[in-house]
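Here are the chains, one letter per residue:
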Amino acid sequence: AGDATLNGDEGQGILLVDGNLNVQGGYEFYGIAIILGTLSTSGGGGSEAHFWGGVMAQNADLSTQQISGKATLNYSQCAIEHVLQATALPTVLRSRGWTQLY
């Protein structure tokens, strides 16, 4: 809940931000990022922000430049599928959902 600031390191999975997301420096994320505010990146030199998977931001304004500092947003179906397969593990049912009529 609230705004989030990420700096350095890396992460994977599903990132939910109930506010604005500010990425500073070199940060790598693999998976799905859902942001209810704005996404802004900044960095300099050799530090780059990379997102592999999918990024959705509610207040995305394509007329302004908020993605800077060598940031890269790459759509990756493989990263998305990998995350979604890990969220719901299959389990054995206790009983069947059918009955023999004849």
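Residues numbered from 1 in each chain as written. Predicted model: local features only at pLDDT ≥ 70, side-chain atom pairs only at ≥ 80, totals over all residues. Heavy atoms only, no water.

Regarding helix 1 (residues 77-87)
Buried within helix 1 are the following residues: Ala 79, Ile 80 and Val 83. In an axial view of helix 1, the angular spread of the buried residues amounts to 100 degrees, which keeps them on one side of the axis. Across helix 1 from its buried face, at more than 90 degrees, point the exposed residues Cys 78, His 82 and Gln 85. Where helix 1 is buried, its residues touch strand 2 (10-17), strand 4 (27-35), strand 6 (49-57) and strand 7 (72-75). (Buried < 20%, exposed > 50% of the residue type's maximum accessible area, 1.4 Å probe, protein only. Helix = DSSP H or I, 4+ residues; strand = E, 2+ residues; numbered from the N terminus. Arc of directions from axis to C-beta. Contact = heavy atoms within 4.5 Å.)

Focus on the packing of aromatic side chains
Scanning the model with the defined rule gives two aromatic pairs in all. A ring pair is formed by Phe 29 and Phe 51, whose centres lie 6.2 Å apart and whose planes are at 55 degrees; its orientation type is tilted. Here the residue Phe 29 occupies a position in strand 4, and Phe 51 occupies one in strand 6, the gap between them amounting to 22 residues. A ring pair is formed by Tyr 30 and Trp 52, whose centres lie 4.9 Å apart and whose planes are at 5 degrees; its orientation type is stacked. (Phe/Tyr/Trp six-rings, centres within 6.5 Å; stacked < 30°, edge-to-face > 60°.)

Considerations on the confidence of the model for the protein chain
Overall, the predicted model of the protein chain reaches an average pLDDT of 81, with 80% of residues at or above 70. Ranking the helices and strands of the protein chain by mean pLDDT puts strand 2 first, with 90, and strand 5 (residues 39-42) last, with 83. (pLDDT = per-residue confidence, 0-100.)

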